[in-house]
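As a plain string of letters, each chain reads:
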Number of protein chains: 2
Amino acid sequence: MQLYHQFFCPHSRFVRLVLDEYGTDASLVEEHEWKRRPEFLALNPAGRVPVLVDGALNVPGANVIAEYLDESYGSQVGDKRLMPTASGERVEVRRLMSWFNAKFFSEVSELIAREKIWKRYMRAEEGGGPPDSFAIRAARANIAEHLRYLGWLAKTRKWLAGEKLSYADLAAAAHLSTCDYFGDVPWQEDENAKNWYARVKSRPSFRMLLAETIPGLPAVSAYADLDF
Amino acid sequence: MQLYHQFFCPHSRFVRLVLDEYGTDASLVEEHEWKRRPEFLALNPAGRVPVLVDGALNVPGANVIAEYLDESYGSQVGDKRLMPTASGERVEVRRLMSWFNAKFFSEVSELIAREKIWKRYMRAEEGGGPPDSFAIRAARANIAEHLRYLGWLAKTRKWLAGEKLSYADLAAAAHLSTCDYFGDVPWQEDENAKNWYARVKSRPSFRMLLAETIPGLPAVSAYADLDF
């Protein structure tokens, strides 16, 4: 399998965590979606990463990939399955996966990734330029609300969607990890959210994410610290 | 079952089409999400319609509802199932469902619904006011691109995702129907897209949508015309 991904893209990070948790090996291909390469648009006409190529099949988009991997490999990983089988629990995992992959992305993590990282690599005509401080302030205001909700979930459940680690935890942690690189997650404001993140961050699948750095823009010191 | 929906909300229309195609009866509850009613936020903390209430279970969001209905009722409807069973076909239906429910929504149908309809019902502090002509112009520019892609799909396949009617067709048609009320779909520019829409529009499930009107703001004459 090949995964077309983008540096610090929260959706790509989510899929990488899932692939690693499932013990599935995929080679990474870095794609800068703003280049709109024709070969990449042929894989995904929507022009966005991540895209998983599994043999002859192109699977575009974080949620579609998650469903595909569960249907293709979920039943083979036994207790490590990231999607529950009971109907109500599936609804809850999908609700939270969508919360982070859509709502949190548009309100927080896309703003931070675009303004602080991707714009550094874009030419002006591709949307590059200095960070928009208004967008970053909006993301920081929004993340406080999300963290409160996350903390409430973490307080009332063992994992975000229930008794077991699921796609919901990996999606949330992937998006937060991109923000956390810059110290943009106010962990001190919610102990429950912080403890939950410490547990996810300690998983072996997370190591590769914590090892990544942006040239010329080091992470805050707590980013890769498991006892942050 | 109860469906919390919003007038002319494309996601709500999609779910209503699905429920009707599956022969499932749900009572409609109109919810103005911008009111942020505490009782509604308890059903869906994201505060958005549609939410399907099935007994004790709250199922929020168009894609989550589609997956839930397929898993709960899809196997009982035989040939009328709107989600295929083969892996690659499921990827394609989900890709296009996401295309319309996420990409088309944010680039076109949400702009049109919000600027032309919902803002009429919002107070100023809820975001109400006159339509933003910049947003409407953006939606009209974007819809032309989407229609070309839709036309290409309709030309090369029997239905949007393949040989059979699927969630992809109903999602696309639901979003287009909201724009079509105002004559904002340039059908004359793509014969294939137009012929595909005429087929979906002729389905009995579509009748209830075509009968709906906005007080003081009638539809363009072609809206409910099956030979538009």
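Source: prediction; values computed, not measured.

A closer look at empty space enclosed by the protein
Residues and elements named next belong to chain A. The final tally for this structure, using the stated rule, is 1 cavity of 30 Å³ or more. The computed volume of the largest cavity comes to approximately 30 Å³. Together, Phe100, Phe104, Ile143, His146, Leu147, Leu150 and Leu176 line the largest cavity. Of all the secondary-structure elements, those providing two or more residues to the lining of the largest cavity are helix H4 (87-121) and helix H5 (133-156).

Re the side chain of B:Lys201
All names here are of chain B. For Lys201, the location among the structural elements is in helix H7 (residues 191-201). Salt bridges are absent for the buried Lys201, whose nearest opposite-charge side chain, Asp180, sits at 4.1 Å. Here the side chain of Lys201 touches Tyr223 through a polar contact of 3.0 Å, landing on its backbone oxygen. Excluding residues within four positions of it along the chain, Lys201 makes contact with Asp180, Phe206, Leu210, Ala222, Tyr223, Ala224, Asp225, Leu226 and Phe228.

Topic: the sheet that holds strand E3 (residues 51-54) of chain A
All names here are of chain A. Strand order in the open sheet formed by 4 strands is E2-E1-E3-E4, and the pairing between neighbours is mixed. The open sheet is flanked by strand E2 (27-30) and strand E4 (57-60), the only strands paired with a single partner. Neighbour-to-neighbour, the strand axes of this sheet turn through a mean angle of 20°, independent of strand direction. By the bridge criterion, 3 bridges tie strand E1 (residues 2-5) to E3 in an arrangement that is antiparallel. Bridge pairing links Leu3 to Leu52 in E3.

A look at helix H3 (residues 62-73) of chain B
An α-helix turns once per 3.6 residues; consequently, residues spaced three or four apart project the same way. Residue and element names in this part refer to chain B. Look at H3: 16 Å from first C-alpha to last across 12 residues, which is about the 16 Å you get at 1.5 Å a residue. By the criterion of burial, H3 is predominantly enclosed, with 9 of the 12 residues buried. Three or more residues of H3 are buried, namely Ala62, Val64, Ile65, Ala66, Glu67, Tyr68, Leu69, Asp70 and Ser72.

Observations regarding unusual backbone geometry
All names here are of chain A. Backbone torsion omega between Val49 and Pro50 reads -5°, so that peptide bond is classified as cis. Locating Pro50 in the fold gives a position in the loop between helix H2 (38-43) and E3. Phi is positive for Arg36, which is not a glycine, with a value near 50°. With respect to the helices and strands, Arg36 occurs in the loop between E2 and H2.

Let's talk about the packing of helix H4 (residues 87-121) of chain B against helix H5 (residues 133-156) of chain B
For any two helices packed against each other, the geometry comes down to the angle between their axes and how far apart the axes lie. Residue and element names in this part refer to chain B. Interhelical geometry of H4 versus H5 gives an angle of 150° and a closest axis separation of 9 Å. The angle between H4 and H5 places the two elements in the roughly antiparallel class. Like other packed secondary-structure pairs, H4 and H5 cross with a definite hand, here left-handed. The segment H4 lies against H5, with Arg95, Leu96, Trp99, Phe100, Lys103, Phe104, Glu107, Val108, Leu111, Ile112, Glu115 and Lys116 engaging Ala135, Ile136, Ala138, Ala139, Arg140, Asn142, Ile143, His146, Tyr149, Leu150 and Leu153. Split into classes, the residues belonging to the contact of H4 with H5 amount to 15 nonpolar, 2 polar and 6 charged.

Re the packing of helix H1 (residues 10-21) of chain B against helix H6 (residues 167-180) of chain B
All names here are of chain B. Packing of H1 against H6 leaves a shortest axis separation of 8 Å and a crossing angle of 135°. Between H1 and H6, the angle falls in the class oblique. For H1 against H6, the interelement crossing comes out right-handed. Judged by residue contacts, Pro10, His11, Arg13, Phe14, Leu17, Val18 and Glu21 of H1 engage Tyr167, Leu170, Ala171, Ala174, His175, Ser177 and Thr178 from H6. Considering only residue class, the contact of H1 with H6 consists of 8 nonpolar, 4 polar and 2 charged.

Reading the values: rules and limits
Residues numbered from 1 in each chain as written. Chains lettered and ligands numbered in written order. Predicted model: local features only at pLDDT ≥ 70, side-chain atom pairs only at ≥ 80, totals over all residues. Heavy atoms only, no water. 1 Å grid on protein atoms, 1.4 Å probe; cavity = no way out; pocket = protein on both sides within 12 Å on 5 of 7 lines; lining within 4 Å. Points joined across faces, edges and corners; volume = space filled by probe spheres on them. Helix = DSSP H or I, 4+ residues; strand = E, 2+ residues; numbered from the N terminus. Buried < 20%, exposed > 50% of the residue type's maximum accessible area, 1.4 Å probe, protein only. Lys, Arg positive; Asp, Glu negative; His and termini not counted. Salt bridge = Lys/Arg side-chain N within 4 Å of Asp/Glu carboxyl O. Polar contact = N/O pair within 3.5 Å; in protein donor to acceptor, adjacent residues only side chain to side chain. Contact = heavy atoms within 4.5 Å. Pairing = 2+ DSSP bridges. Axes fitted to C-alpha atoms, helices over the stretch in contact; angles between N-to-C directions. Expected span 1.5 Å × (residues − 1). Parallel < 35°, antiparallel > 145°, perpendicular 65-115°, else oblique. Left-handed = near helix turned anticlockwise from the far one by under 90°. Nonpolar A, V, L, I, M, F, W, Y, C, P; charged D, E, K, R; others polar.

Any functional reading would require information beyond the geometric quantities listed.
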